[in-house]
Amino acid sequence: MNPQAKLIFTISLLLGTAITISSNHWIMAWAGLEINTLAILPLISKSHHPRAIEAATKYFLVQATASTLLLFSSMTNAWYTGQWDITQLTHPISCLILTSAIAMKLGLVPFHFWFPEVLQGAPLMTGLLLATVMKFPPITLFFLTSHSLNPTLLTCMAILSAALGGWMGLNQTQIRKILAFSSIAHLGWMTIIISFDPKLTLLNFYIYSLMTAATFLALNSIKALKLTTLMTTWTKTPSLNAMLFLTLLSLAGLPPLTGFLPKWLIIQELTKQSMAPAATVISLLSLLGLFFYLRLAYCTTITLPPHTTNHMKQWHTNKPTHITIAILTTLSTMLLPISPLIYPLS
């Protein structure tokens, strides 16, 4: 892709995100989401592969539907209450339609079917944008309207997301699909707490974005897209593979790594809100995710390729690993000890 075109699309992405997260009016928030959608489409389809074109088409249709629902929700609320302010969403039907629209934007169950397919068709770096940057504006809208939304509905969607995200990722061999189902499961954790402590949702999102960015950048550096490719990468970059191993365990939420921090705080808050059964169920469902993270980690560092035919070992590359990966993997594994400082900052 032409560097000037790529620069324009990247600036448009940042602009759309900035407009949505800083707006008080529904029309401005909708316009920011539309700019975001139109800016990411060329980045998804830039390889001109049929799979990429299919992914871009699916993404466009789903996001257009979600934007329409969001606009319809805000117009219904304005019709009944005269308010266009995002925080003044009070009409119950508007709240229900908005929940559906944002769930569709994020890929929450039962609107999750598009996300694994789109991530599988997109390049790794575009996949990183889809899993992190593109989820920030809808999460912000969730944050601003959290006091109006139905906690029971959100809890049900969250538990279903954690269950399906873990269960459907078990049998995958494509790394991008595994990370897509991982994203759906993490969204379940963010959604279950948003009615009770919205700041905790944002903290979870920031830490998830940090760990996902470290994972995607490491995978992009070693050019791994399938589990079978991942099995041979230890010969090329052993130190990076070791850090990827720890980052994956952090994504799984194992103590004493960074990924344990949001899970710990969410379980604590749910227990305070007399929702111990929900906390127990979502904790048990995270074990499904732990299985496929462990499988990824096992393939990354511990296994040899499972066949006896001779194959060429990959040479060590002289290209230095980018400093960004080093910083992100360090943050993805070592933030837990300073958690008393991080939570008040959020």
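Since we're looking at a predicted model, the values are computed, not measured.

Rules and cut-offs
- Residues numbered from 1 in each chain as written.
- Predicted model: local features only at pLDDT ≥ 70, side-chain atom pairs only at ≥ 80, totals over all residues.
- Heavy atoms only, no water.
- Helix = DSSP H or I, 4+ residues; strand = E, 2+ residues; numbered from the N terminus.
- Rg over C-alpha atoms; globule rule 2.2 N^0.38 Å.
- Buried < 20%, exposed > 50% of the residue type's maximum accessible area, 1.4 Å probe, protein only.
- Contact = heavy atoms within 4.5 Å.
- Areas by Shrake-Rupley, 256 points an atom, 1.4 Å probe, with all protein chains shown as cover.
- Polar contact = N/O pair within 3.5 Å; in protein donor to acceptor, adjacent residues only side chain to side chain.
- Disulfide = S-S within 2.5 Å.
- UniProt positions renumbered as here; feature names shortened; annotations may be inferred.
- Domains from an automatic or database assignment.
- Buried area = accessible area lost by both parts, 1.4 Å probe.
- Salt bridge = Lys/Arg side-chain N within 4 Å of Asp/Glu carboxyl O.

**Notes on the overall build of the protein**
The number of helices and strands found in the protein is 16 helices and zero strands. Relative to the 2.2 N^0.38 estimate, which gives 20 Å for 346 residues, the radius of gyration of the protein is 20 Å and therefore close to what a compact globule would have. The principal-axis extents of the C-alpha atoms in the protein amount to approximately 70 × 50 × 35 Å. A buried classification covers 52% of the 346 residues belonging to the protein. Counting contacts in the protein only where the partners sit at least 6 residues apart, residues at least 24 apart contribute 78% of the total. Here the protein has roughly 15,400 Å² of accessible surface; of this, 72% comes from carbon and sulfur atoms.

**Considerations on unusual backbone geometry**
Outside of glycine, negative phi angles account for most residues, and trans bonds account for most peptide bonds. The amide bond that connects Val109 to the next residue, Pro110, takes the cis arrangement and shows omega of 10°. Within the fold, Pro110 resides in the loop between α4 (92-106) and α5 (114-121). For the bond from Pro255 to Pro256, the omega torsion is 5°, close enough to zero to count as cis. The topology assignment puts Pro256 in the loop between α12 (238-252) and α13 (260-272). Positive phi is not limited to glycine here, since Lys223 has a value of about 55°.

**Considerations on the side chain of Ser67**
Turning to its location among the elements, Ser67 is positioned in helix α3 (residues 50-81). By relative accessible area, Ser67 is classed as buried at 1%. In this structure the side chain of Ser67 is engaged in a polar contact, spanning 3.0 Å, whose partner is the side chain of Lys105. In this view, Ser67 contacts Trp30, Glu34 and Lys105; residues no more than four positions away in its chain are not counted.

**Some thoughts on the state of the cysteines**
According to the stated counting rule, one finds zero disulfides in the structure shown. A disulfide-free cysteine, Cys95 has its sulfur positioned 17 Å from the sulfur of Cys156, the nearest such atom.

**Considering the UniProt feature "transmembrane region" (unreviewed entry) in the protein**
Cross-referencing UniProt, the feature "transmembrane region" (unreviewed entry) maps to residues 59-79, 91-115, 152-171, 178-196, 202-219, 240-261, 281-304 and 325-343 in the present numbering. Strand forms 0% of residues 59-79 and helix 100%; the C-alpha atoms that close the span are 30 Å apart. For residues 325-343, the helix share is 79%, the strand share is 0%, and the end-to-end C-alpha distance is 24 Å.

**Concerning the domain arrangement of the protein**
Domain boundaries assigned for the protein yield domain 1 (1-124) and domain 2 (150-345). Domain 1 and domain 2 are separated by 24 Å when their C-alpha centres are compared. Listed per partner, the contact involves 18 residues of domain 1 and 23 residues of domain 2. For the domain 1 and domain 2 pair, buried surface summed over both sides reaches about 1,800 Å², with 75% attributable to carbon and sulfur atoms. On the domain 1 side of the interface with domain 2, the three residues burying the most area are Val109, Gln120 and Leu124, jointly 41% of the side's total. On the surface where domain 1 and domain 2 come into contact, there are one salt bridge. One salt bridge in this structure joins Lys177 and Glu117, with 3.4 Å as the shortest N-O distance. Summed over the shared surface of domain 1 and domain 2, the result is five residue pairs in polar contact (both at pLDDT 80 or more). When residues of the side of domain 1 that touches domain 2 are traced back to their parent elements, those giving at least two are α4 and α5.

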